[in-house]
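Results of the structural survey
These are the residues of each chain, in order.
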Amino acid sequence: MIDYIKGTIVDLTPAELILENNGIGYRILISLQTYQVLENKKEITVYIYHYLREDMELYYGFATKDERELFELLISVSGIGVNSARMMLSSLSAEEIRHAILSEDIARIKSVKGIGLKSAQRMVLELKDKIVKGEGSDSSELFGGSSRNEVVEEATRALIMLGFTKQAVTKAIQAVLKAKPDAKVEQIIKSALQMM
């Protein structure tokens, strides 16, 4: 499975990107959010969501892991496909989407082309508990400084891979770091596991 592709932009439009890496040109579908971040750049890293169906194979690309994570949450809702999720990320910012879901702003969600009343209601119902307020904002603010960032990210990834929700993991790691601000990755994971 491909996590990210680092390379040179060959062609960039608001809907797709051709990214060259080692002589291979990857056609990657993107949202308007990602387009705005990549505009005027040459060398980039794009986080990939690999979409596979019997009749097609597509790459969706995101400028940040946070945007990809939100995309994956959106398509986990029954009735929301990859095109609807990309349309949402092109119409609203990640923060606006989170806010609309948390505040149950059905009208805001419904304002996105292709999202009807039932889909908007389902999205709020299914995602409200999975989205953390302020999630996606710079984690260095939460955990103090960029030197801690890598350690916290590694611990977070490990705990999520073990099956815990991002919300539970974030809460546990914050508690661990409050008690032991300079804890190493292993210590954070062990202490967090005892709390969950």
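Further up the page is the structure itself.
Read on for an overview of the structure. (Residues numbered from 1 in each chain as written. Predicted model: local features only at pLDDT ≥ 70, side-chain atom pairs only at ≥ 80, totals over all residues. Heavy atoms only, no water.)

Some points on the packing of helix α9 (residues 166–179) against helix α10 (residues 185–195)
One can describe the packing of α9 onto α10 by two numbers: an axis separation of 9 Å at closest approach and a directional angle of 120°. Put simply, α9 runs oblique to α10. Between α9 and α10 the crossing geometry is right-handed. On α10, the residues touching A172, I173, A175, V176 and L177 of α9 are I188, S191, A192 and M195. Residue composition of the contact of α9 with α10, by class: 8 nonpolar, 1 polar and no charged. (Axes fitted to C-alpha atoms, helices over the stretch in contact; angles between N-to-C directions. Helix = DSSP H or I, 4+ residues; strand = E, 2+ residues; numbered from the N terminus. Parallel < 35°, antiparallel > 145°, perpendicular 65-115°, else oblique. Left-handed = near helix turned anticlockwise from the far one by under 90°. Contact = heavy atoms within 4.5 Å. Nonpolar A, V, L, I, M, F, W, Y, C, P; charged D, E, K, R; others polar.)

What about the sheet that holds strand β4 (residues 43–53)?
Adjacent strands of a sheet form backbone hydrogen bonds with each other and so pair up, either parallel or antiparallel. The mixed closed barrel is built from 5 strands, whose spatial order is β1-β2-β3-β5-β4. With direction set aside, neighbouring strand axes in the sheet form an average angle of 55°. Pairing of strand β3 (residues 24–30) with strand β5 (residues 56–62), which is carried by 3 bridges, proceeds in the parallel orientation. If you follow L29 over to β5, its bridge partner there is Y60. Each of β4 and β5 touches helix α2 (residues 65–75); the most contacted strand, β4, lies at about 15° to it. Set on the sheet, helix α3 (residues 82–91) makes contact with β3, β4 and β5; between it and β5 the angle comes to about 20°. (Pairing = 2+ DSSP bridges.)

So, a nonpolar patch on the surface
Among the surface-exposed residues, L162, L193, M195 and M196 lie close enough to one another that they form a single nonpolar patch of about 360 Å² accessible area. Along the chain, the position of L193 falls in helix α10. Classification of L193 as partly exposed rests on a relative accessible area of 36%. (Patch = residues over 30% accessible without salt bridge, like charges linked within 9 Å, V, L, I, M, F, W, Y side chains within 5 Å. Areas by Shrake-Rupley, 256 points an atom, 1.4 Å probe, with all protein chains shown as cover. Salt bridge = Lys/Arg side-chain N within 4 Å of Asp/Glu carboxyl O. Buried < 20%, exposed > 50% of the residue type's maximum accessible area, 1.4 Å probe, protein only.)

In short, geometric facts, not functional conclusions.
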